[in-house]
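Each chain, letter by letter, is given below.
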Amino acid sequence: MNILEEHAVPIAASINGRQPTTEAEWVKAEMEDGPMPEVYEHDIALDPAPMMKLLIDATPPPSIGKDDVNHLLHDVWMTRIIIPILKQSTFNHRRWTTLFLKRNSFKLPIDKLPKAPLNPRVFADLFKAYPKSFPSSAFQAIKDVVITNIFPDTDIALVNKAIRSNVDLLQSNAGKHWLSVWSTAGDSFSLGVYQLADLMFEKAMNDSDKELAGATTESIQVFMLNLMSNFAYKLGISHLNAAIDRIGFSKRIYSSETHEFFQSNCVPVLEKIIELLRRTGAQNSTRKLSDFSEILPMKLELLKGKHWHDTSKTPSSADIREFAKDVISLIEDIAEDGQSHEDKWRLLKRAALQQFHKKYFVLLATEFCLLNKVETGNRLADYLRFELVQQFVTEAEDPGDDSLGIPLGTGLKGWRTDPDESVRIKVESIIEILKGLPIFSSWNRLAILFNKYADCSSAFHLVAAFTLAGLETANRVLSYKYGLVYDVFFRLDDSEHLQPSAWLYLYTTHLENINSFVTSLYMSASLAFLKKK
């Protein structure tokens, strides 16, 4: 450990990543009698220099339980190796940055730049991995680096612009390094935004009743809210939505526990930014910030996070129902927005179709059918509802439950008499699609068709339906004759076209192919029919 402290730490903290710059070399450069110290040239991902990487990779993992030995090894390594590297790197980098500004005649005061090590991404990664080992100043330093990169003040922006406009400086080792730290050509979110978002889902951070390296889940929420607000008001709503998509709060959920962390840490941030935009929009007469098309991506992020579920488990009926209600609510917002709905509807429909596995699409379609009508003037919301239902049934995979067609048929039945013609046409088209889908057994098709023809006066259709369903279930194949009779019966408006005696003959001829359950249903229906006649 002593050898590493004496030799390896200074190398890892050095400007060039190979050997420390001597004091004489620094003085010569500051007196302009020598060259600028060369900086280790990171790739666009800001990977650490070899010695730095070697020492980081050698960090013992922190103790998970009560293993005092592992805990001690980790603490010693962080205290004597990693933290000293970052401190020395920050000191060396500050000295180099001051020299760079002076040598290029930039008037930017050094105090306008936050103190940061040579590689701020590595700093943020280590902070995320081991927040307990960092001093309280670390959290503020990371936030400052992020804000400086994404929203530089005028003086810093002028330096960045001057470097980019000077070909020689832009291609120089010093110019490349400056831009990699203060105007990163890579993903500026990797300097701290992603890492802080990860901490919102870390158990240690959520369970701690005190600050870790100056941070709490509440203070990270405040930072995220301020970051989102800056995007909205300095760069525009489109940049805000792009930022939320890049952070991907809902994509960080991978367990029931992290789902709870999303609810407690991310939902408040998203809801507050939506409310802030709406409140500002209400006060702004020149621009409608609360336009639904602008806040929809945030609403979808909430939808996806709220309704995350463990894919190894079957979602409950309550989960399916709540999801359908939330989607219908968003459909209502789209319908009432008063503007073109195509782009907004495309985003919502895609989110709805991606939330659950396709084997649950029949359940989803049923829930959307059973929800109450949306009382709006143009009925657009209900039309869009059934457009989504049609997508569900078209893309559905076999749910493995033959009984699911019955509630779906029941749900569709109530809409066949809807006063709006566009809704009725859409429902009828769904019924026709269902008739031809292979995932629906004969019993499911029967339920759908019987609900369609249940308003016919004749009980004869019931007899035909149950019997033919029984034949198909027994044989699994409809012959030409059965298929013809099947079609005839469900196209009849008047049962007098086929006498009961003829049907009884057809039925009894194939009695051996029909189980006793179907026989019982047939006989009950036949008796009711004959008594009525």
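In this text, all values refer to a predicted model and were calculated from it rather than measured experimentally.

About the thresholds
For every chain, the first residue of the written sequence is number 1, and numbering continues from 1 onward in sequence order. Two thresholds apply to this predicted model, a pLDDT of at least 70 for residue-level local features and 80 or more for giving and counting side-chain atom pairs, whereas whole-chain, interface and lining totals are computed over all residues. With hydrogens and water stripped out, all remaining heavy atoms of the structure feed into the side-chain values. Helix and strand definitions follow DSSP, with helices as H or I runs of at least four residues and strands as E runs of at least two, each counted in order from the N terminus. For the exposure calls, accessible area comes from a 1.4 Å probe over protein chains only, and a residue counts as buried if that area is under 20% of its type's maximum, exposed if over 50%, partly exposed in between. Computed with the Shrake-Rupley method and a 1.4 Å probe, the accessible areas treat only the protein chains shown as cover for residues. Nonpolar cores were defined as sets of buried Ala, Val, Leu, Ile, Met, Phe, Trp, Tyr and Cys residues, with membership established by side-chain atoms within 4.5 Å. Contact criterion: two residues are considered in contact whenever any of their non-hydrogen atoms come within 4.5 Å of each other. What counts as a ring pair is set by centres within 6.5 Å for rings of Phe, Tyr and Trp (its six-membered ring), and what kind of pair is set by the plane angle: stacked under 30 degrees, edge-to-face over 60, tilted for all other angles. Here, over-ring charges are defined by two tests on the NZ atom of lysine or the CZ atom of arginine: distance to the ring centre within 6 Å, and angle to the ring normal within 35 degrees. The rule is simple: put a 1 Å grid over the protein atoms alone, call a set of points where a 1.4 Å probe fits but cannot get out a cavity, call an open set with protein on both sides within 12 Å along at least five of seven lines a pocket, and count a residue as lining if it has an atom within 4 Å of a point. Grid points are joined across faces, edges and corners, and a volume is the space filled by probe spheres set on the points. Each axis is a line fitted through C-alpha atoms, and for a helix only the stretch in contact is used; angles between axes span 0 to 180 degrees, taken between their N-to-C directions. With respect to orientation, any angle under 35 degrees is reported as roughly parallel, any angle over 145 as roughly antiparallel, any angle of 65 to 115 as roughly perpendicular, and every other angle as oblique. Just so you know the grouping, Ala, Val, Leu, Ile, Met, Phe, Trp, Tyr, Cys and Pro go in nonpolar, Asp, Glu, Lys and Arg go in charged, and all remaining residues, Gly too, go in polar. Pairing of N or O atoms within 3.5 Å defines a polar contact, subject to two protein rules: one partner must be a possible hydrogen donor and the other a possible acceptor, and residues neighboring in sequence count only if both atoms are side-chain atoms. The length a helix should cover is 1.5 Å for every residue beyond the first. Whenever Lys or Arg places a side-chain nitrogen within 4 Å of a carboxyl oxygen from Asp or Glu, that contact is recorded as a salt bridge.

Visitor: Explain the overall build of the protein chain residue by residue, including any values.
Guide: Along its length, the protein chain carries 26 helices and zero strands. The buried share of the protein chain, taken over its 533 residues, is 49%. Carbon and sulfur atoms provide 54% of the accessible area of the protein chain, an area that totals close to 26300 Å².

Visitor: Before we move on, could you go through the nonpolar core and cite the residues and values that matter?
Guide: Counting residues in each nonpolar core, the largest one holds 110 residues, and the members touching the most others are Phe-127, Phe-134 and Met-224. Ignoring any residue separated from it by four or fewer positions in sequence, one finds Phe-134 in contact with Met-78, Ile-83, Leu-86, Phe-123, Leu-126, Phe-127 and Ala-213. The next biggest cluster of nonpolar side chains, apart from the first, holds 24 residues, and it includes Val-159, Leu-169, Trp-178 and Val-181.

Visitor: Go over helix 9 (residues 173-182), please, and point to the residues and values.
Guide: In terms of burial, helix 9 is largely enclosed, as nine of its 10 residues are buried. Listing the buried residues of helix 9 in full gives Asn-173, Ala-174, Gly-175, His-177, Trp-178, Leu-179, Ser-180, Val-181 and Trp-182. Lining the buried residues of helix 9 we find helix 4 (68-103), helix 5 (120-129), helix 6 (137-150), helix 7 (154-165) and helix 8 (167-171).

Visitor: Would you mind going over the packing of aromatic side chains in detail, with residue names and values included?
Guide: Tallied over the full model, the rule gives 14 aromatic pairs. With 6.1 Å between their ring centres and 40° between their planes, Phe-100 and Phe-106 make a pair best called tilted. Phe-106 matches Phe-100 in its accessibility class, with the two residues each being buried. Connected via pairs of aromatic rings, a cluster forms that spans Trp-96, Phe-100, Phe-106, Trp-178 and Trp-182. The ring of Phe-189 has Arg-246 sitting right over it, with the charged end atom 3.8 Å from the ring centre.

Visitor: For the layout of surface pockets, give the residues involved together with the corresponding values.
Guide: Quantified by volume, the largest pocket comes out at close to 490 Å³. Considering the residues around the largest pocket, the lining is formed by 17 residues, among which Pro-62, Ser-63, Ala-129, Lys-132 and Ala-204 are closest to the centre. Elements with a minimum of two residues in the lining of the largest pocket: helix 4, helix 5 and helix 11 (203-207). Of the residues forming the lining of the largest pocket, the biggest block, three residues, is contributed by helix 4.

Visitor: Describe the side chain of Thr-148, with residues and values.
Guide: Looking at the element boundaries, Thr-148 is found in helix 6. Overall, Thr-148 belongs to the buried group, its relative accessible area being 10%. If near-sequence neighbours (up to four positions away) are discounted, Thr-148 is found in contact with Leu-113, Pro-114, Ile-156 and Trp-182.

Visitor: Explain the packing of helix 6 against helix 12 (residues 217-235) to me, using residue names and the numbers behind them.
Guide: Where helix 6 meets helix 12, the closest approach of the two axes is 12 Å, and the angle between their N-to-C directions is 10°. As summarised for this structure, helix 6 and helix 12 are arranged roughly parallel, according to the angle between their axes. On helix 12, the residues touching Phe-139, Lys-143, Val-146, Ile-147 and Ile-150 of helix 6 are Ser-219, Ile-220, Phe-223, Leu-227, Asn-230 and Phe-231. Classifying every residue of the contact of helix 6 with helix 12 by side-chain character gives eight nonpolar, two polar and one charged.

Visitor: Which residues make up the side chain of Thr-258, and what are the values?
Guide: Within the secondary structure layout, Thr-258 lies in helix 14 (residues 256-283). Sequence-distant contacts of Thr-258, that is, excluding residues within four places in its chain, are made with Phe-201, Arg-252 and Ile-253.

Visitor: So, the environment of Asn-241: which residues are in play, and what are the values?
Guide: With respect to the secondary-structure elements, Asn-241 resides in helix 13 (residues 237-247). Overall, Asn-241 belongs to the buried group, its relative accessible area being 15%. Separated by 53 residues in the primary sequence, Asn-241 and Glu-294 place their C-alpha atoms 7.9 Å from one another. In contact with Asn-241, not counting residues within four places along its chain, are Glu-294, Pro-297 and Met-298. Here the side chain of Asn-241 touches Glu-294 through a polar contact of 3.0 Å, landing on its backbone oxygen.

Visitor: Account for helix 1 (residues 2-13), naming residues and giving values.
Guide: Compared with an ideal rise of 1.5 Å per residue, which puts 12 residues at 16 Å, helix 1 spans 16 Å between its outermost C-alpha atoms and is within 8% of the ideal. Those residues of helix 1 lying buried are Ala-8, Val-9, Pro-10, Ala-12 and Ala-13. Each element contacted by the buried residues of helix 1 is listed here: helix 3 (50-57) and helix 4.

Visitor: Tell me what's going on with empty space enclosed by the protein, and back it up with residues and numbers.
Guide: Across all of its chains, the model carries two cavities of 30 Å³ or more by this definition. If you add up the space inside the largest cavity, you get close to 80 Å³. Every residue along the wall of the largest cavity is listed here: Ala-12, Ser-14, Gly-17, His-42, Pro-48, Ala-49, Met-52, Ser-89, Pro-117, Leu-118 and Asn-119. Class assignment of the residues belonging to the lining of the largest cavity gives a composition of six nonpolar, five polar and no charged. Empty space within the second largest cavity amounts to approximately 50 Å³. With four residues, the top contributor of residues to the lining of the second largest cavity is helix 4.

Visitor: How would you explain the packing of helix 12 against helix 13 if you had to name every residue and give the values?
Guide: Interaxial distance between helix 12 and helix 13 falls to 6 Å at its minimum, and their mutual angle equals 145°. Two secondary-structure elements touch here, helix 12 through Met-224, Met-228, Phe-231, Ala-232 and Leu-235 and helix 13 through Ile-237, His-239, Leu-240, Ala-243, Ile-244 and Ile-247. Grouping the constituent residues of the contact of helix 12 with helix 13 by class yields 10 nonpolar, one polar and no charged.

Visitor: I'd like to hear about the pattern of salt bridges, residue by residue, with values.
Guide: Two side chains with opposite charge may pair up if their charged atoms get near one another. If you walk through the whole model with that rule in mind, you get 27 salt bridges. Between Asp-187 and Arg-246 there is a salt bridge whose closest N-O contact spans 2.4 Å. Of this pair, Asp-187 sits in the loop between helix 9 and helix 10 (193-199) while Arg-246 is found in helix 13, placing the two residues 59 residues apart along the sequence. According to the relative accessible area criterion, Asp-187 is partly exposed, its value standing at 27%. A salt bridge links Arg-379 to Asp-382, with the shortest nitrogen-to-oxygen separation between them at 2.9 Å. For the residue pair Arg-379 and Asp-382, the accessibility class agrees, reading buried in each case.

Visitor: Account for the environment of Asn-160, with residues named and values stated.
Guide: Tracing the backbone through its elements, the reader meets Asn-160 in helix 7. For Asn-160 and Ser-183, which are 23 residues apart along the polypeptide, the C-alpha to C-alpha distance reads 6.8 Å. Filtering out sequence-adjacent residues up to four positions away, Asn-160 remains in contact with Trp-178, Leu-179, Trp-182 and Ser-183.

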